[in-house]
Amino acid sequence: MKAQENNKAIVLGVYLNSQHSDKAIFENSLKELIELTETAGLEVVGEAIQYREKFDSAYAAGSGKLLEIAEIAKNLEAETIVLDINLTGSQMRNINELTDLKVLDRTLIILDIFAMRAKTGEGRLQVEIAQLNDRATRLVGAGKALSRLGGGIGTRGPGETQLESDRRHIQKRINYLKGKLKDVQKQRNLTRTNRDKQEIYKVAIVGYTNAGKSTLLNALADSNVETMDQVFATLDPTARKLSYSEIPIILIDTVGFIRNLPHQLVEAFQSTLEEVTFADLIVQVTDISDPEFKLQVDIVEKQLEALDADAKPRIHVFNKVEKVDPSLVEQIKGTNRHAIKQIFASALYGNGIEELRQAIIEVPQATMLPFRLVVPYDKSNIISELQKIAVVDQLEYQDEGAEIVFKIRKNDLGIITPLLNNK
Ligand SMILES: Nc1nc2c(ncn2[C@@H]2O[C@H](COP(=O)(O)OP(=O)(O)OP(=O)(O)O)[C@@H](O)[C@H]2O)c(=O)[nH]1
Ligand SMILES: [Mg+2]
């Protein structure tokens, strides 16, 4: 039998007495890192916390603690250590030389999950750029530590040759990939311009990873986008039409947010995240059953600010409501001052979905103007023109002409004014 690659890991969190005011937040971050590590395909066989005043410049953690972990790792046959700190290249090398363990951090783990999940050409290009940028910043001092990671985690994506090459080589490859990405993005921009021309209302579904965004999209669009009980199931923005709406509305599923999202990923995924920047309405999804949901709301809030999307009209969906005590719902009501509306929903079981659909439809309609006209029969082309751009509520044929009751978007006033004057 072929020897299995060792994928056992120990996770280490370093608690800074000076920086971490809230221990629960620190512990949850560590818990999340363990889940991320397992998602990336490692088996977490041990976890450790070290309390310190500040990070050690050479090792991040204390060398004594690291040696202790190296010993435990030997007993548990683990070959990898994952730290909940972002390490510099030389810290990685030092830890590697001290412990003889493969060294990973939160950023490398997240980058690896993204590399695993990226399915489209655009997604793959974006992840590879992020990985190369990450590698370039750690190159100084990393020595062979980076290349000694070997196959598997931390190296999925760009091949071995890039690992060994210098910064300039990496930069050349980044530029090449960025060029290719530009070509792919032209197509996305074209699609967006077309939607803009047709004045299709765009709704971006955003939220923490695993909040239920794709499940919600499926419920609203009767679609079948992949959902998983795992982080970062969705990387590519997927667009679907909102069902049961007279006016065309496009829902766009987006990549989930997470605390300490590596900035290289935010930069590389800029074009994907632009779907949020260009949206007319934001549907913010929060998993209310997560004990940490308030922190998740804060993180999403910050990301929306960074994307310049925090002033857009917003509906806040508190999802997985069937899992929580109704008293929690009472507590939360009216707490998001950014949102036009808060809706308590269960995307999986359908609660709140119709309320949400109506709320989404009402936003563009609120900026629509109502009209009532009687169109003489010799001008009936006006009716067919109106049917193209308006929401027709009523059409009745009377003696003097056709009576039409309709709503149009304010932006379309320019189109219909000549029609009306010409009547
Ligand atoms: N109990 C319950 N589970 C839900 C609900 N909505 C979604 N889920 C589950 O939550 C998990 C994550 O759902 P997704 O829709 O994939 O979440 P997402 O926000 O798209 O996640 P990423 O794309 O990974 O960021 C899946 O296992 C869903 O079945 C809900 O209302 N109640
Ligand atoms: Mg998803």
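Residues numbered from 1 in each chain as written. Chains lettered and ligands numbered in written order. Predicted model: local features only at pLDDT ≥ 70, side-chain atom pairs only at ≥ 80, totals over all residues. Heavy atoms only, no water.

1. Remarks on the pairing of strand β10 (residues 341–344)
- With four bridges joining them, strand β9 (residues 314–319) and β10 adopt parallel strand pairing. Bridging from a neighbouring strand, Ile315 pairs with Lys341 of β10. (Pairing = 2+ DSSP bridges. Helix = DSSP H or I, 4+ residues; strand = E, 2+ residues; numbered from the N terminus.)

2. Let's talk about the packing of aromatic side chains
- Under the criterion given, the structure shown has seven aromatic pairs.
- Geometrically, the ring pair formed by Tyr15 and Phe26 is edge-to-face, given 4.9 Å between the ring centres and 85° between the ring planes. With a gap of eleven residues between them, Tyr15 in strand β1 (residues 8–16) and Phe26 in helix α1 (residues 23–39) connect regions that are remote in the sequence.
- Both rings, one in Tyr15 and one in Tyr51, keep their centres 5.3 Å apart while their planes meet at 55°; by these two values the pair is tilted. Taken together, the residues Tyr15 in strand β1 and Tyr51 in strand β2 (residues 43–52) connect sequence positions 36 residues apart.
- A relative accessible area of 9% places Tyr15 in the buried class.
- What links up through ring pairs into an aromatic cluster is the set Tyr15, Phe26 and Tyr51. (Phe/Tyr/Trp six-rings, centres within 6.5 Å; stacked < 30°, edge-to-face > 60°. Buried < 20%, exposed > 50% of the residue type's maximum accessible area, 1.4 Å probe, protein only.)

3. Focus on the domain arrangement of the chain
- If you check the domain split of the chain, you get domain 1 (1–183), domain 2 (199–365) and domain 3 (368–421).
- Domain 2 puts six residues into the contact, and the matching count from domain 3 is seven residues.
- Summing both partners gives a buried area of about 630 Å² for domain 2 against domain 3, and 45% of it is carried by carbon and sulfur.
- For the pair domain 2 and domain 3, the interface holds zero salt bridges.
- At the junction of domain 2 with domain 3, the criterion picks out zero residue pairs in polar contact (both at pLDDT 80 or more).
- For the side of domain 2 that touches domain 3, the per-class residue count stands at three nonpolar, one polar and two charged. (Domains from an automatic or database assignment. Contact = heavy atoms within 4.5 Å. Buried area = accessible area lost by both parts, 1.4 Å probe. Salt bridge = Lys/Arg side-chain N within 4 Å of Asp/Glu carboxyl O. Polar contact = N/O pair within 3.5 Å; in protein donor to acceptor, adjacent residues only side chain to side chain. Nonpolar A, V, L, I, M, F, W, Y, C, P; charged D, E, K, R; others polar.)

4. Quick look at the pattern of salt bridges
- Following the criterion strictly, the structure yields 23 salt bridges and no others.
- The closest approach of N and O atoms between Glu32 and Arg259, which form a salt bridge, is 2.9 Å. With Glu32 in helix α1 and Arg259 in the loop between β7 (249–253) and α9 (263–268), this pair connects stretches of sequence that are 227 residues apart.
- Relative accessible area serves as the criterion here: at 11%, Glu32 is assigned to the buried category.
- Assessed through its relative accessible area of 8%, Arg259 is described here as buried.
- Salt-bridge contacts for Glu68 lead to Lys65; the nearest nitrogen and oxygen are separated by 3.6 Å.

5. With respect to the sheet that holds strand β13 (residues 402–409)
- In space, the three strands of this open sheet follow the order β11-β13-β12, with antiparallel pairing throughout. Of all strands in the sheet, those bounded by a partner on one side alone are β11 (368–375) and β12 (391–397). The average angle at which neighbouring strand axes cross in this sheet is 15°, direction not considered.
- Bridge count between β12 and β13: six bridges; the pairing is antiparallel. (Axes fitted to C-alpha atoms, helices over the stretch in contact; angles between N-to-C directions.)

6. Points about unusual backbone geometry
- Residue Ala60 is not a glycine yet carries a positive backbone phi of 70°.
- Residue placement: Ala60 occurs in the loop between β2 and α2 (63–76).
- In this structure Ala60 comes out as buried when scored by relative accessible area, which is 1%.

7. Re the environment of Val206
- Of note, Val206 is situated in strand β5 (residues 201–207).
- For the pair Val206 and Val276, spaced 70 residues apart in sequence, the C-alpha to C-alpha distance is 7.8 Å.
- If sequence neighbours within four positions are ignored, Val206 has contacts with Lys213, Thr254, Phe257, Val276, Ile282, Val283, Gln284, Val285, Val300 and Leu304.

8. A word on the confidence of the model for the chain
- Scored by pLDDT, the chain comes out at a mean of 87, with 92% of its residues at no less than 70.
- Here residues 147–152 is modelled with pLDDT under 50, and outside its nearest four sequence neighbours on either side it reaches 13 contacts, counting other chains as well.
- Predicted confidence for residues 159–163 stays below pLDDT 50, and this span has nine contacts to residues more than four positions away or in other chains. (pLDDT = per-residue confidence, 0-100.)

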